[in-house]
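Observations on the model geometry
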Amino acid sequence: MTSFATHRRKVHDTALPPHRRLSALRTCLTEFSPYGFRATYHHLCRSAEIPQDLERDPGALVWAVEELDAARALWLTDQAGWESRRRAQKGAGVRVPAPPPPTQSLWCPDPEFHPAAPLPDVMPRLMSAPRTGDLSVCPLCGVGRGTTPLHDGYRLHQLCAGCGLSLGWRDDGFSQGVLEAREARWKLLWSRAV
């Protein structure tokens, strides 16, 4: 089992080669990724300006993991408060949690289309985002900016035109061409080539 804190320390460990430190950052993302793994990875690569050649700026990895850790700390604090209130509710015989647990993540299915603001700035809105299924108002933006469609190879998503959050989806049939194009693009993003 992985530990966010353990891998965060590895990102800071300058004795490790940069590719191992990047691997530790990616493992942190398996534990906490507010926009989904791919979109959060892309966000961190952009906000910390992680270069393709990690030797050029290994400090960018530290910047990225610290941004992720700051957002995670906000979520852990909110989660601890919710758990405390939930224990009291259970003691009082309340079977259904009210309110529901704080949201750790909302999904941005397009890795390149996600909020640009730093994660700690977005987390409070993300944690309190209503989960209503109403496509007219984005739960993250709080306004209706319209939607834009995205086919991921399996489903047709309706994304918030402002932040890229998936507001809903429906099965739309398998498309090998779309899937292959998305995976080819992801390989470029994964290696920070674009």
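The sections below set out a description of the structure shown in this document. (Residues numbered from 1 in each chain as written. Predicted model: local features only at pLDDT ≥ 70, side-chain atom pairs only at ≥ 80, totals over all residues. Heavy atoms only, no water.)

Within the protein chain, the regular secondary structure consists of 6 helices and 3 strands. Along its sequence from the N terminus, the protein chain presents helices and strands in the succession α-α-α-α-α-β-β-β-α. By residue count, 39% of the 194 residues in the protein chain fall in the buried class. Contacts in the protein chain between residues far apart in sequence, at least 24 positions, make up 58% of those at least 6 positions apart. Accessible surface for the protein chain amounts to roughly 10300 Å². Of this, 54% is attributable to carbon and sulfur atoms. Of the side-chain charges in the protein chain, 24 are positive and 20 negative, and the distance between the mean point of each set is 6 Å. (Helix = DSSP H or I, 4+ residues; strand = E, 2+ residues; numbered from the N terminus. Buried < 20%, exposed > 50% of the residue type's maximum accessible area, 1.4 Å probe, protein only. Contact = heavy atoms within 4.5 Å. Areas by Shrake-Rupley, 256 points an atom, 1.4 Å probe, with all protein chains shown as cover. Lys, Arg positive; Asp, Glu negative; His and termini not counted. Charge placed at Lys NZ, Arg CZ, Asp CG, Glu CD.)

Scanning the entire structure with this criterion turns up 6 salt bridges. Put simply, D69 and R8 hold a salt bridge, and the shortest N to O gap is 3.3 Å. Placement of the pair is D69 in helix α4 (residues 59-91) and R8 in helix α1 (residues 4-12), with a sequence separation of 61 residues. Note that D172 is salt-bridged to R170, the shortest N-O span being 3.0 Å. Here D172 falls in the partly exposed class, since its relative accessible area comes to 35%. For R170, a relative accessible area of 47% corresponds to the partly exposed category. Counted as one network, the salt bridges with shared partners bring together R8, E66 and D69. (Salt bridge = Lys/Arg side-chain N within 4 Å of Asp/Glu carboxyl O.)

One open sheet accounts for 3 strands, arranged β1-β2-β3; its pairing is antiparallel. The sheet terminates laterally at β1 (147-151) and β3 (166-171), the two strands that pair on one side only. Shown here is a sheet whose adjacent strand axes are inclined to one another by a mean of 20°, direction ignored. Where β1 and strand β2 (residues 155-160) come together, 5 bridges link them in antiparallel fashion. The partner of H151 across the bridge, within β2, is L156. (Pairing = 2+ DSSP bridges. Axes fitted to C-alpha atoms, helices over the stretch in contact; angles between N-to-C directions.)

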